[in-house]
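# Commentary on secondary and tertiary structure
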Amino acid sequence: MGYFKEKVLALLERMPEALQKEVADFARFLLEKRLGEELLWQSLSLAQAVRGLPEEDYTEAYLKERW
């Protein structure tokens, strides 16, 4: 187990359950924030990758016929 993980667990053990819930909520918030930022960067990267490419409309019929 990592150093910080041990420290956090030791602190959690000393807290009442209500504070443990707040810590869990905050940790969840931080994780969701990080994942949201990663998704944003992925979408920006994709937008940059296709920038300047001609736009083509692919219909469902085209995809069925082609693949």
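You'll find the structure just up there.
Residues numbered from 1 in each chain as written. Predicted model: local features only at pLDDT ≥ 70, side-chain atom pairs only at ≥ 80, totals over all residues. Heavy atoms only, no water.

### Notes on the overall build of the protein
Along the protein, the regular secondary structure elements total 3 helices and 0 strands. Mapped in sequence order, the helices and strands of the protein form the string α-α-α. Looking at the protein residue by residue over its 67 residues, the buried ones come to 0%. Looking at the protein as shown, the accessible area adds up to about 6900 Å², and 60% of this sits on carbon and sulfur atoms. (Helix = DSSP H or I, 4+ residues; strand = E, 2+ residues; numbered from the N terminus. Buried < 20%, exposed > 50% of the residue type's maximum accessible area, 1.4 Å probe, protein only. Areas by Shrake-Rupley, 256 points an atom, 1.4 Å probe, with all protein chains shown as cover.)

### Concerning the pattern of salt bridges
Per the counting criterion, the structure on display carries 2 salt bridges. Across the salt bridge formed by aspartate 25 and lysine 21, the nearest N and O atoms sit 2.9 Å from each other. Of this pair, aspartate 25 and lysine 21 both sit in helix α2 (residues 17-50), 4 residues apart, which is roughly one turn of that helix. A salt bridge links aspartate 25 to arginine 28; the nearest nitrogen and oxygen atoms lie 3.0 Å apart. Of the two residues, aspartate 25 and arginine 28 both sit in helix α2, 3 residues apart, roughly one turn of that helix. Residue class for aspartate 25 comes out partly exposed when judged on its relative accessible area of 33%. We classify arginine 28 as partly exposed; its relative accessible area is 44%. Here the residues in one salt-bridge network are Lys21, Asp25 and Arg28, joined through shared partners. (Salt bridge = Lys/Arg side-chain N within 4 Å of Asp/Glu carboxyl O.)

### Considerations on the packing of aromatic side chains
For any pair of aromatic rings, geometry is given as the distance between the ring centres together with the angle between the planes. Under the counting rule described, the total for this entry stands at 2 aromatic pairs. Ring centres of tyrosine 3 and phenylalanine 4 lie 5.1 Å apart, and the angle between their planes is 75 degrees; this geometry places the pair in the edge-to-face category. (Phe/Tyr/Trp six-rings, centres within 6.5 Å; stacked < 30°, edge-to-face > 60°.)

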